[in-house]
Amino acid sequence: MPFAMLDLSKPVLEGVKAMGYVDPTPIQLRAIPLVLQGRDLIGSAQTGTGKTAAFALPILTQLEKHKQGAPRALILEPTRELAAQVETAFRDYARFTDIKVAVVFGGVGYGAQTEALSGGADIIVATPGRLLDHMERGHCRLDQISHLVLDEADRMLDMGFLPDVRRIIQKCPGKRHTSLFSATIPAQIETLIKWALQDPETVEIGARRSPAETVRHIIYPVAEAQKTDLLLELLNRVNYDSVIVFCRTKYGADRIASLLKSANHAVAVLHSNRTQREREQALQGFRDGKFEVLVATDIAARGLDIADVSHVINFDVPQHPEDYVHRIGRTGRAQSSGDALTIMVAEDAVHVYDIERYISQKVPRQKLENFNYRYTAIFEADKPGGPTPHEKKYKAVRVRGGYMFGSVGRRRR
Ligand code: AMP
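Nothing here was measured: the structure is a model prediction, and the numbers come from that model.

Okay, the sheet that holds strand β7 (residues 201-205) next. A sheet is described by the order of its strands in space; here seven strands give the open sequence β3-β4-β2-β5-β6-β1-β7, paired in parallel fashion. Single-partner strands in this sheet number two, and they are β3 (101-104) and β7. Strand-to-strand twist in this sheet, taken as the mean axis angle between neighbours without regard to direction, amounts to 15 degrees. Where strand β1 (residues 41-45) meets strand β6 (residues 177-181), three bridges bridge the pair, whose relative direction is parallel. Bridge pairing in β6 places glycine 43 opposite phenylalanine 181. Taken strand by strand, helix α4 (residues 80-93) contacts β2 (73-76), β3 and β4 (123-126), and its axis lies near 175 degrees from that of β3.

Structure follows, in structure tokens:
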């Protein structure tokens, strides 16, 4: 079904056409008619499925044109980067309307944001903390909000924003349309849904928690002392166009970035200790191809739309399985396929087990040919002849083609 059948306004359809979109994605097909009917919506879809347009296009259609006065749509985002990205998407889709969009997030001065708010924005895209600051300073009222979107709600919960989100919702009129997007629905989000949404319709695209299906997952077991050597060798051997290397800590990300720089890779770093300007430069440079490697902490893992990432390398195994799914969501977006390579040391076994259980699949282990491996206990698990003491420790079981930890999949003895 083409976009033209979706009852979107003419200028919005022109905006969509100018973006080069031909057909709506599955979440757009299902969510757009519901929002246009005025239904509250719970959206659960993998990243890269087109969920931004799924809420932006019907909102722009319903707002129709610029109206002097207070803002009428509010989109809450967990991070500055996402807020900036969603604002850009709104501006792109709204380019043939006179609707005004303002973005509000922390880490930068108040001046430009205050100006944008007082200039009569119809739509505000905001992170919760800074929006509350502006509200307290009297820069912005929410009493005319007719459309509220809580994007990446589970991430807002993780970051401790739910009390702020609640305070903001309390300032919005009770009569409004609310959409909530979340990859997972933990209990606190369920409570928020009951409190903030009315008779919502759920749109679930693909299995919840399932990683992008186009991604090829590989695990590289290695000794702790050889992690960085293996990373350098992987980068040398893998034929990548652009790669994100994920680290667990900001310190680790800085360390890996300087190591890669000294190995002559064009590297940018993205983590929360960088200034807003540094973060924007890193992202922009990576998008433009100035940097071929982006070293990032999990702040970059959620929702960011970075096109054409050919590889994601997990230098550190993420401690939360959800973060694995979000990290690998950076590759294999749209139709292109991607590779997700994970470096694993013995201590990671439990986390890898959790990830495999979470994504309901075993990730194959591989060794890099001709890499000068030093002994590590995790290789023991590959040896024939029953479980090793190490395997026993992590409750490893053998399955076809290797081994895995825990009781995922069918046991083979
Ligand atoms: P999102 O899931 O909203 O982050 O979108 C992921 C990417 O898909 C973005 O680059 C969008 O510009 C793109 N996109 C969204 N909708 C469509 C569509 N109907 N056809 C092609 N690309 C799209």
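Our next topic: the pattern of salt bridges. Under the counting rule described, the total for this entry stands at 19 salt bridges. Between arginine 279 and glutamate 81 there is a salt bridge whose closest N-O contact spans 2.5 Å. With arginine 279 in helix α12 (residues 276-288) and glutamate 81 in helix α4, this residue pair connects regions lying 198 residues apart in the sequence. We classify arginine 279 as buried; its relative accessible area is 3%.

This model, assessed by the stated rule, comprises five aromatic pairs. In textbook terms, an aromatic cluster arises when at least three aromatic residues are bridged by ring pairs, as seen for Phe3, Tyr21 and Tyr93. Above the plane of the ring of phenylalanine 315 lies lysine 227, whose end atom (NZ or CZ) is 4.6 Å from the centre. Its guanidinium or amino end placed over the ring of tyrosine 373, lysine 367 lies 5.6 Å from that ring's centre, counting from NZ or CZ.

Let us now look at the sheet that holds strand β10 (residues 267-270). Strand order across the open sheet formed by six strands is β8-β13-β12-β9-β11-β10, with parallel pairing between neighbours. Across the chains shown, the open sheet's two edge strands, defined by having one partner strand only, are β8 (215-221) and β10. On average, adjacent strands in this sheet sit at an angle of 20 degrees to one another, irrespective of strand direction. Along the sheet, helix α11 (residues 250-262) contacts β9 (243-246), β10 and β11 (293-296); its crossing angle with β10, the most-contacted strand, is approximately 175 degrees.

Conventions and cut-offs
- For every chain, the first residue of its written sequence is number 1, and the numbers climb from 1 along that sequence.
- pLDDT decides what is reported in this predicted model: residues at 70 or higher carry local features, side-chain atom pairs at 80 or more are listed and counted, and totals for whole chains, interfaces and linings draw on all residues regardless.
- Side-chain measures were taken over the full set of non-hydrogen atoms in the model, leaving aside hydrogen atoms and water.
- Two strands pair under a simple rule: DSSP has to find at least two bridges between them.
- Secondary structure follows DSSP: runs of H or I at least 4 residues long count as helices, runs of E at least 2 residues long count as strands, and numbering of each begins at the N terminus.
- The axes are straight lines fitted to the C-alpha atoms, using for helices just the contacting stretch, and the angles between their N-to-C directions are given from 0 to 180°.
- Whether two residues are in contact is decided by their heavy atoms: any pair within 4.5 Å suffices.
- Any Lys or Arg side-chain nitrogen found within 4 Å of a carboxyl oxygen on Asp or Glu counts as a salt bridge.
- Three exposure classes are used, based on accessible area relative to the maximum for each residue type with a 1.4 Å probe and protein chains only: buried under 20%, partly exposed in between, and exposed over 50%.
- Only rings of Phe, Tyr and Trp enter the pairing, Trp through its six-membered ring, and a pair is recorded when the two centres are within 6.5 Å. The plane angle decides the type: under 30 degrees is stacked, over 60 is edge-to-face, the rest tilted.
- Working rule: Lys NZ or Arg CZ, within 6 Å of ring centre, within 35 degrees of ring normal, means a charge sits over the ring.

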